[in-house]
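# Reading the structure
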Amino acid sequence: FVAVLVYFFLDGLQYPSSGGPYFSIWLPLLGMLIAILAGAGILHNKGKHTMATVLLALLAAPPVLYIAFFGLLIATVDRWN
């Protein structure tokens, strides 16, 4: 998940037309990602392992929900046309 966000951010930097709007969209996303990872590391170093795990679970939730949605879609849909 982290690698995907960083890849798309760096990929967008190569286009000259992506200026202010590009940064205003991606910087909060990357800032939130860095804050979650840093917060989990700080909590882990202070011995609050459960809170660090809960904080990292926030990053794991979107991919898990995405996989669950498509698994449910594949399992329940009889016809694809």
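Provided above is the structure to which this section pertains.
Residues numbered from 1 in each chain as written. Predicted model: local features only at pLDDT ≥ 70, side-chain atom pairs only at ≥ 80, totals over all residues. Heavy atoms only, no water.

Before going further, it helps to spend a moment on the overall build of the protein chain. Within the protein chain, the regular secondary structure consists of three helices and zero strands. For the protein chain, the succession of helices and strands along the chain, N to C, is α-α-α. In terms of overall size, the protein chain is more extended than a compact globule, its C-alpha atoms giving a radius of gyration of 18 Å where 81 residues would be expected to give roughly 12 Å. A principal-axis box enclosing the C-alpha atoms of the protein chain has dimensions of 50 × 45 × 15 Å. Sorting the 81 residues of the protein chain into buried and exposed places 16% on the buried side. (Helix = DSSP H or I, 4+ residues; strand = E, 2+ residues; numbered from the N terminus. Rg over C-alpha atoms; globule rule 2.2 N^0.38 Å. Buried < 20%, exposed > 50% of the residue type's maximum accessible area, 1.4 Å probe, protein only.)

Once that is clear, we can look at the environment of P62. One can find P62 in helix α3 (residues 49-76). Between the C-alpha atoms of P62 and P28, which are 34 residues apart in sequence, the distance is 17 Å.

In this section: the packing of aromatic side chains. By the definition in use, this model includes three aromatic pairs. Between Y66 and F70 the ring centres are 4.9 Å apart and the planes differ by 65°, which places this aromatic pair in the edge-to-face class. In this pair, Y66 and F70 are both assigned in helix α3, four residues apart and thus about one turn of the helix distant. Y66 sits in the exposed class, given a relative accessible area of 54%. F70 sits in the partly exposed class, given a relative accessible area of 34%. Ring pairing ties together the aromatic residues Y66, F69 and F70, which thus form one cluster. (Phe/Tyr/Trp six-rings, centres within 6.5 Å; stacked < 30°, edge-to-face > 60°.)

Moving on to a nonpolar patch on the surface. Where nonpolar side chains cluster on the molecular surface, the patch consists of V2, V6, L10, L13, F23, L27, L37 and L56 and spans about 620 Å² of accessible area. For the nonpolar patch, the secondary structure elements donating two or more residues are α1 (2-13) and α2 (20-45). It is α1 that contributes the most residues to the nonpolar patch, four residues altogether. Residue classification places V6 among the partly exposed positions, given a relative accessible area of 34%. (Patch = residues over 30% accessible without salt bridge, like charges linked within 9 Å, V, L, I, M, F, W, Y side chains within 5 Å. Areas by Shrake-Rupley, 256 points an atom, 1.4 Å probe, with all protein chains shown as cover. Salt bridge = Lys/Arg side-chain N within 4 Å of Asp/Glu carboxyl O.)

Membership of the largest hydrophobic core is limited to eight residues, which are L5, F9, Y22, W26, L30, L33, I36 and L59. Listing elements by their share of this core, those giving two or more residues are α1 and α2. Ignoring sequence-local partners within four residues, the contact set of F9 consists of Y22, F23, W26, L27 and L30. (Core = buried A, V, L, I, M, F, W, Y, C linked by side-chain atoms within 4.5 Å. Contact = heavy atoms within 4.5 Å.)

Further remarks concern α1. Over its 12 residues, α1 extends 17 Å from the first C-alpha to the last, a length consistent with the 16 Å expected when each residue adds 1.5 Å. Regarding α1, the residues found buried are L5, F9 and G12. Angularly, the buried residues of α1 cover 70° about the axis, an arc narrow enough to put them on a single face. Opposite the packed face of α1, turned more than 90 degrees from it, sit the exposed residues A3, Y7 and L10. (Expected span 1.5 Å × (residues − 1). Arc of directions from axis to C-beta.)

Keep in mind that these numbers describe shape and distance, not what the molecule does.
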